[in-house]
Amino acid sequence: MGDLDVDPAWQSGVVDTLTERLILHPFTVEEAERVLAGTPGEEDRWEGGYPFADELDVVRMFLSIVEEQGDPAPFGPYIVRRIDDGAAIGGIGFFGAPDADGLVEFGFGLVPGVRGHGFATEAVRGALTIAAQNGARAARADTTPDNEPAQHVLRKAGMSEISRDAETVLFEITLPAA
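Note that the structure is predicted; figures quoted are calculated from it, not measured. (Residues numbered from 1 in each chain as written. Predicted model: local features only at pLDDT ≥ 70, side-chain atom pairs only at ≥ 80, totals over all residues. Heavy atoms only, no water.)

### As for unusual backbone geometry
Okay, step 1: With an omega dihedral of -5°, the bond running from Tyr 50 to Pro 51 counts as a cis peptide bond.
Okay, step 2: Tracing the backbone through its elements, the reader meets Pro 51 in the loop between helix H1 (29–37) and helix H2 (53–69).
Okay, step 3: For the bond running from Ala 73 to Pro 74, omega is 5°, close enough to zero to count as cis.
Okay, step 4: Positionally, Pro 74 belongs in the loop between H2 and strand S4 (77–82). (Helix = DSSP H or I, 4+ residues; strand = E, 2+ residues; numbered from the N terminus.)

Take a look at the structure:
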């Protein structure tokens, strides 16, 4: 994890995090509603396959949280965009603020057409940096035992497998103090 640039210009009032090749863009209510409806606005650029089913579930959860509690940023969902063309290629997001021990949980997914190019690892590293910069002391993610590509991404991002059973492989990392 390294220092990331923050670009508030992508959308007024929303702070984006930039990695080498990606923009981690916090969802807005307007964007979430467009994603849920499957109707991109003129400003949206969606890679083929975006939004995918898991992203729709995340968007529904985000809209519910915003309605009940307000915007969860910085511990909410992010659209993962390529810097070079601004296309939405997937999502990464936190499942709430860190718990009493400083542990935050997250998940990620990219459209099939962009997998295998290191974007997922870069997005995970970016999310881990966001978490550390906002007070999280550790991060956790899980996957299914048969999802070896996701396990590879989590390992490559510096996370360690801490448990495995028939349904879940759990990864964690201790984050540096901000």
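### Some words on the packing of aromatic side chains
To describe a pair of aromatic rings, one takes the distance between the centres and the angle between the planes.
Okay, step 1: Applying the stated criterion across every chain, the model contains 5 aromatic pairs.
Okay, step 2: Pairing Phe 75 with Phe 94 gives two aromatic rings, centres 5.3 Å apart and planes at 75°, and the pair type is edge-to-face. One end of the pair, Phe 75, is in the loop between H2 and S4; the other, Phe 94, is in strand S5 (residues 88–94), and 19 residues separate them in sequence. The exposure classification of Phe 75 matches that of Phe 94, with both residues buried.
Okay, step 3: A network of ring pairs unites the aromatic residues Trp 46, Tyr 50 and Phe 52 as a single cluster. (Phe/Tyr/Trp six-rings, centres within 6.5 Å; stacked < 30°, edge-to-face > 60°. Buried < 20%, exposed > 50% of the residue type's maximum accessible area, 1.4 Å probe, protein only.)

### Overview of H1
Okay, step 1: Those residues of H1 that sit buried are Glu 31, Ala 32, Arg 34 and Val 35. Looking straight down H1, one finds that the buried residues subtend no more than 160° of arc, so they occupy a single side.
Okay, step 2: One or two steps after H1, the chain reaches Gly 38, where phi turns positive at roughly 70°. (Arc of directions from axis to C-beta.)

### Description of the UniProt feature "domain: N-acetyltransferase" (unreviewed entry) in the chain
Okay, step 1: With numbering aligned to this structure, UniProt lists the feature "domain: N-acetyltransferase" (unreviewed entry) at residues 22–176.
Okay, step 2: What you have in residues 22–176 is 32% helix and 28% strand, and the ends, taken at the C-alpha atoms, are 22 Å apart. (UniProt positions renumbered as here; feature names shortened; annotations may be inferred.)

### A few points about the pairing of S5
Okay, step 1: Among the 7 residues in S5, 7 count as buried, and that is most of the element.
Okay, step 2: Pairing of S4 with S5, which is carried by 5 bridges, proceeds in the antiparallel orientation. Across the sheet, Arg 81 pairs through a bridge with Ala 88, a residue of S5.
Okay, step 3: Taken together, S4 and the strand that follows it, S5, pair antiparallel across an intervening segment of 5 residues, in which Gly 86 is found at a positive phi of about 75°.
Okay, step 4: Taken together, the 5 bridges between S5 and strand S6 (residues 103–110) define a ladder with antiparallel strand orientation. Within the sheet, the bridge partner assigned to Gly 90 lies in S6 and is Leu 110. (Pairing = 2+ DSSP bridges.)

### Points about the pairing of S4
The side chains of a regular strand alternate between both faces of the sheet.
Okay, step 1: Counted residue by residue, S4 has 6 buried out of 6 residues, so it is predominantly covered.
Okay, step 2: On S4, burial covers both faces: Pro 77, Ile 79 and Arg 81 on one face and Tyr 78, Val 80 and Arg 82 on the other are all buried.
Okay, step 3: In this structure, strand S3 (residues 22–26) lies alongside S4, joined through 5 bridges in antiparallel fashion. Residue pairing for S4: His 25 is matched across the bridge by Ile 79.

### Notes on the pattern of salt bridges
Okay, step 1: Inspection of every chain in the model, using the stated rule, returns 12 salt bridges.
Okay, step 2: Two residues, Asp 44 and Arg 81, come together in a salt bridge whose shortest N-O distance is 3.9 Å. You can see Asp 44 sitting in the loop between H1 and H2 and its partner Arg 81 sitting in strand S4, a full 37 residues away along the chain.
Okay, step 3: We classify Arg 81 as buried; its relative accessible area is 2%.
Okay, step 4: Asp 85 is the partner of Arg 82 in a salt bridge, and the nearest nitrogen-oxygen pair spans 2.7 Å.
Okay, step 5: Where salt bridges share partners, they join Arg 34, Glu 43, Asp 44 and Arg 81 into one cluster. (Salt bridge = Lys/Arg side-chain N within 4 Å of Asp/Glu carboxyl O.)

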